[in-house]
Amino acid sequence: MADFSFWVIFSNLLLAARWTVLLSLIAFISGGLVGVVLLFLRTSGVKALAWFVRIYVEVFQGTPLLMQLFLLFFGVALFGIELSPWAAAALALTLWTSAFLVEIWRGCVESVPKGQWEASSSLALNYVEQMRYVILPQALRIAVAPTVGFSVQVIKGTALASIIGFVEVTKAGTMLNNATFRPFLVYSLVALIYFALCFPLSMLAKKLEGRLNVAR
Amino acid sequence: MSPAETRPLVEIKDIRKSFGPLEVLKGISMDVAQGDVVAIIGRSGSGKSTLLRTINGLETFDSGSISVDGTPVIGGEKELKALRRKVGMVFQQFNLFPHLTAAENVALAPKVVLGAGAKEQAETAREMLEKVGLGDKLGNYPSQLSGGQQQRVAIARALAMHPKVLLCDEITSALDPELVNEVLRVVETLAKDGMTLILVTHEMRFARDVGSKLVFMHHGKVHEEGDPKTLFAKPGTPELAQFVGSIG
Amino acid sequence: MRKLDFSALLPYADALVEGLIFTVVLTLVSTLAGIAVGTVGAWARTSGPRWAGGLVAAYVEVIRNTPFIVQLFFIFFGLPAAGVKLSEASAAFLAMTINLGAYSTEIIRAGIDATPKGHWEAGLSLAMSRFEVFRHVVLAPAFKKVWPALSSQIIIVMLGSSVVSQISAEDLTYAANFIQSRNFRAFEVYFLVTALYLALSIAMRAALAALGAKLFPKV
Ligand SMILES: Nc1ncnc2c1ncn2[C@@H]1O[C@H](COP(=O)(O)OP(=O)(O)OP(=O)(O)O)[C@@H](O)[C@H]1O
Ligand SMILES: [Mg+2]
């Protein structure tokens, strides 16, 4: 009996974990794309654009992800734009992710020595070309470790989608708990699944960081 | 010089120490009497620092024995604490605590270890800093002092615990040449006042003029020891002769 | 499209203020407790016995690799099954403390690791015990070094605290949920509350910077 419900719980959680993984991937990839665009705006040298990105970052990093979700899910609905939990979660996580990634990457771009900009502009490269051929390849090397590290935050962030009814691991856990009344077991397993997803990435980030420091 | 019937203040007997496969101290024995000023010289890597650091337990040793004022040097936090109350140390890099003023640096150990009250702390700090000629720098942070001044604060800090013996490891090596003398003068005064000193130094003139005993270390052994003036004038071994010659 | 009407929030000003106070107090208290946990954790990691260091390392990894909301649910729903029953507020406090404790362990540890070996040796040579050196010599400069990182983490934890509304702890987000269930003005409520959180994080950043400058003066 006890064993039966353990396996039922565990297998259901694993099934739900697919959606955690999928949502994480979507948020991370689309957040990364938006982040790249923001990065270009931020480092373009055009004051207005840079300021826009600054405020964007301030707002998304300075407010709870949960509020961003609520605004998109409950708030926007009142204007007739009906978003599914899926869409709201994906959109909110994308915006939130991009705000962190652009800051991480900006730090990496800025750590490329000034002389590189000067040298490349003296070669008559325009801004996009400079970024594309000179700055980004160098910044990329530094950016890998913190970017991988941030992917852990994204995975953990997807847990909030449960609150607007998107059935991923955490929501599945709540539902299973309501059905089995075994909260200790259920939430231990939920935690375990997140740990299994996040810990390898954390280790990878640490390893990459270490390798970079040795290379320097 | 020291009376034969009294026990030496620091007794080092056949100390051996290896770092992995590298044997750094290969059986060192040495007696230091109350009031001695021992200058240890030798090439880089000959084990001078390691020897000094075994005396106050910063470095362990593999065999042999050391005792200071009758207290054997053995592991264990309590034993080490007791030992270190008798042994002060001054470092090449000063190692002042950056978040504390000169006076606070000096008064910290009396406060923490001896439980000195505020008034006693202030008195100790003033007395010790005056002794090293820094009575006007009580409130300065280390970053607001020159290298020579910082090193003098470090000496005052060690003195505040009233050690029986003071260990100095190349305490002028990190200083600009023009600041070396102010530190050496302080050490000389200490020597004159009867402080027992064991110094690792590259200042040959100082070793000769102030030292009461010279120890030349070579490949982890005491290669030669004796009266500084005699040894500098007439080295007994080609190695010392070469070393003294190379330093100039 | 309907019109925005922020005046519909006015009758609920009290609820918002109460929620805001709850969030601020919860953050303040769990920040203090979390940093205390982090300091002890960092001591164990850097200078403690091996078993304690290992235990703390495991704690840090478990917390950093699981979502806060799951930690909160485990404490609030899971622990009673193991005989530990907590009120909403104390479960929220405990979860936040444990969470910040793990992150600050790592942050403070980085500061301790950056302490020059010579400072330890100088302290030990003055007959201080390892703990005394840690307490009087190492800790203050280490905190000074990591204060910016610690401040950021505190703000992250404050923002993360909005999740405690999900166990009915009556914080700012709880107030927002309550109000929108009454007046159906979800956008206005969440917009205002989001702005309040933003103001709070900006204010906290300034306050923490000022506190840092006071606690760890530049010399
Ligand atoms: N912690 C350690 N681990 C491994 N090897 C060490 C360690 N400390 C010292 N050594 C080695 O032991 C030898 C003796 O070092 P020590 O510092 O005692 O020399 P020294 O005579 O003080 O030299 P210097 O004049 O350069 O200060 C050197 O070869 C050094 O590389
Ligand atoms: Mg040396």
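What you see as residue numbers is a count from 1 along each chain, following the sequence as written. Each chain gets a letter, beginning with A, and each ligand a number, beginning with 1, in the order they are written. Local features in a predicted model are, by the rule used here, given only for residues with pLDDT of at least 70; side-chain atom pairs are given and counted only at 80 or more, and totals for whole chains, interfaces and linings are based on all residues. Processing note: side-chain calculations cover all non-hydrogen atoms of the structure and skip hydrogens and water entirely.

## Considerations on the packing of aromatic side chains
Centre-to-centre distance and the angle between the planes together describe a pair of aromatic rings. Which entries qualify depends on this criterion: Stacked, tilted and edge-to-face are the three classes applied to pairs of Phe, Tyr and Trp rings, where Trp contributes its six-membered ring and a pair requires centres within 6.5 Å; stacked means planes under 30 degrees apart, edge-to-face means over 60, and tilted covers the rest. A ring is considered to have a charge above it if a Lys NZ or an Arg CZ atom is located within 6 Å of its centre and within 35 degrees of its normal.
In this structure the tally under the stated criterion is 29 aromatic pairs over all chains. What links up through ring pairs into an aromatic cluster is the set Phe70, Phe73 and Phe74 of chain A together with Tyr190 of chain C. Over the aromatic face of Trp51 of chain A sits the side chain of Arg54 of chain A, whose NZ or CZ is 4.9 Å from the ring centroid. When the ring centre of Phe97 of chain B is taken as origin, the NZ or CZ atom of Arg157 of chain B, which lies over that ring, is 4.4 Å away.

## Regarding the interface of chain C and chain B
Short version of the rule: Residue contacts follow a heavy-atom distance rule, with two residues in contact if any of their heavy atoms lie within 4.5 Å. Values labelled buried area give the accessible surface lost by two parts on being combined, using a 1.4 Å probe and summing over both. Definition used for salt bridges: Asp or Glu carboxyl oxygen within 4 Å of a side-chain nitrogen of Lys or Arg. N or O atoms within 3.5 Å of each other form a polar contact, as long as, within protein, one can give a hydrogen and the other can take it, and as long as residues adjacent in sequence are counted only when both atoms are side-chain atoms. Helix and strand assignments come from DSSP, with helices taken as H or I runs of at least 4 residues and strands as E runs of at least 2, each series counted from the N terminus. Any residue outside Ala, Val, Leu, Ile, Met, Phe, Trp, Tyr, Cys, Pro, Asp, Glu, Lys and Arg is labelled polar, Gly included; the first ten of those are nonpolar and the last four are charged.
Between chain C and chain B, the residue contacts involve 19 residues of the former and 24 residues of the latter. Here chain C and chain B share an interface that buries about 1900 Å² over both sides, 66% of which is from carbon and sulfur atoms. If you sort the residues of chain C by the area they bury against chain B, Ser125, Leu126 and Val219 of chain C come out on top, with a joint share of 31%. Our enumeration of links across chain C and chain B arrives at two salt bridges. With a shortest N-O distance of 2.8 Å, Arg53 of chain B and Glu121 of chain C are connected by a salt bridge. Here chain C is connected to chain B by eight residue pairs in polar contact (both at pLDDT 80 or more). Looking at the side of chain C that touches chain B, the elements with two or more residues in it are α5 (117–125) and α6 (130–160) of chain C. Residues belonging to the side of chain C that touches chain B are distributed by class as follows: nine nonpolar, six polar and four charged.

## Points about the sheet that holds strand β8 (residues 196–200) of chain B
Residues and elements named next belong to chain B. The following threshold applies: Strand pairing follows a simple DSSP-based rule, namely that at least 2 bridges must link the two strands. Axis geometry follows a simple rule: fit a line to the C-alpha atoms, using only the stretch in contact for helices, then measure angles between N-to-C directions, giving values from 0 to 180 degrees.
The sheet built from six strands is open, its strands ordered β6-β7-β8-β3-β9-β10 with mixed pairing. Strands at the two margins of the open sheet, each flanked by one partner only, are β6 (87–90) and β10 (221–226). For this sheet, the mean inter-axis angle between neighbouring strands, taken without regard to orientation, is 20°. As paired elements, strand β9 (residues 213–218) and β10 share five bridges and run antiparallel to each other. Of the residues in β10, the one forming a bridge with Leu214 is Gly226.

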